[in-house]
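Inside the fold
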Amino acid sequence: MTIPSDITAFEDAIVSACDDHNRATDFDRRQCIVFGEYFVKYESYKSLLPQVETQRHVYELSKHSNGVVRVPKIIHFFHRDSMMAYVVMEYIEFAT
């Protein structure tokens, strides 16, 4: 699971998809999308940064759980203007 070598184009495509999602949904939308093989969450940088740091830590701990707990691995985290941030993580299918 790797991001494309052209990171700027990858980020531009994610921002565009998130913008499209905002325009296509009502105000009570969840700020997340499935983007190809990834799950993307986006919101304010100030709010998302602590979540990313916590998820990275929990992901490292979960690697020792023998598969009992699945925590998505963060693939990429970026922001454009210190206002809106985007976290790209592996997409995990829900078990039924």
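Read on for a plain summary of the structure. (Residues numbered from 1 in each chain as written. Predicted model: local features only at pLDDT ≥ 70, side-chain atom pairs only at ≥ 80, totals over all residues. Heavy atoms only, no water.)

**Brief notes about the sheet that holds strand 2 (residues 38-44)**
Through backbone hydrogen bonds, the strands of a sheet pair up, either in parallel or in antiparallel fashion. Reading across from one edge, 1-2-4-3 is the order of the 4 strands in this open sheet, with antiparallel pairing throughout. Single-partner strands in this sheet number two, and they are strand 1 (32-35) and strand 3 (74-79). With strand direction ignored, the average angle separating the axes of adjacent strands in the sheet is 20°. As judged from the 4 bridges shared by strand 1 and strand 2, these two strands associate in the antiparallel manner. By the bridge assignment for strand 2, Val 34 is matched with Phe 39. Along the sheet, helix 1 (residues 7-24) contacts strand 1, strand 2, strand 3 and strand 4 (84-90); its crossing angle with strand 1, the most-contacted strand, is approximately 130°. (Pairing = 2+ DSSP bridges. Helix = DSSP H or I, 4+ residues; strand = E, 2+ residues; numbered from the N terminus. Axes fitted to C-alpha atoms, helices over the stretch in contact; angles between N-to-C directions. Contact = heavy atoms within 4.5 Å.)

**Regarding the packing of aromatic side chains**
Enumeration over the complete set of coordinates arrives at 5 aromatic pairs. Aromatic side chains Phe 10 and Phe 35 sit 6.0 Å apart centroid to centroid with 75° between the ring planes, which places their arrangement in the edge-to-face category. Placement of Phe 10 in helix 1 and of Phe 35 in strand 1 is noted, with a sequence separation of 25 residues between them. Residue Phe 10 is classed as buried on the basis of its relative accessible area of 6%. Here the aromatic rings of Phe 10 and Tyr 38 are separated by 5.7 Å at their centres, their planes lie at 80°, and the arrangement is edge-to-face. Here Phe 10 is found in helix 1, whereas its partner Tyr 38 is found in strand 2, with 28 residues between them in sequence. In textbook terms, an aromatic cluster arises when at least three aromatic residues are bridged by ring pairs, as seen for Phe 10, Phe 35 and Tyr 38. (Phe/Tyr/Trp six-rings, centres within 6.5 Å; stacked < 30°, edge-to-face > 60°. Buried < 20%, exposed > 50% of the residue type's maximum accessible area, 1.4 Å probe, protein only.)

**Comments concerning the pattern of salt bridges**
Evaluation of the coordinates by the stated rule reveals 6 salt bridges. A salt bridge links Glu 11 to Arg 80, with the shortest nitrogen-to-oxygen separation between them at 3.5 Å. With a gap of 69 residues between them, Glu 11 in helix 1 and Arg 80 in the loop between strand 3 and strand 4 connect regions that are remote in the sequence. Among the residues examined, Glu 11 registers a relative accessible area of 13% and is labelled buried. Using a relative accessible area of 41% as the deciding quantity, one classes Arg 80 as partly exposed. One salt bridge connects Arg 23 with Asp 20, and the closest N-O pair in it is separated by 2.5 Å. Of this pair, Arg 23 and Asp 20 both sit in helix 1, separated by 3 residues, roughly a single helical turn. You can call Arg 23 exposed: its relative accessible area is 62%. Overlapping salt bridges, with partners in common, bring together Glu 11, Asp 12 and Arg 80 in one network. (Salt bridge = Lys/Arg side-chain N within 4 Å of Asp/Glu carboxyl O.)

Such coordinate-based values are descriptive only and should not be taken to indicate function.
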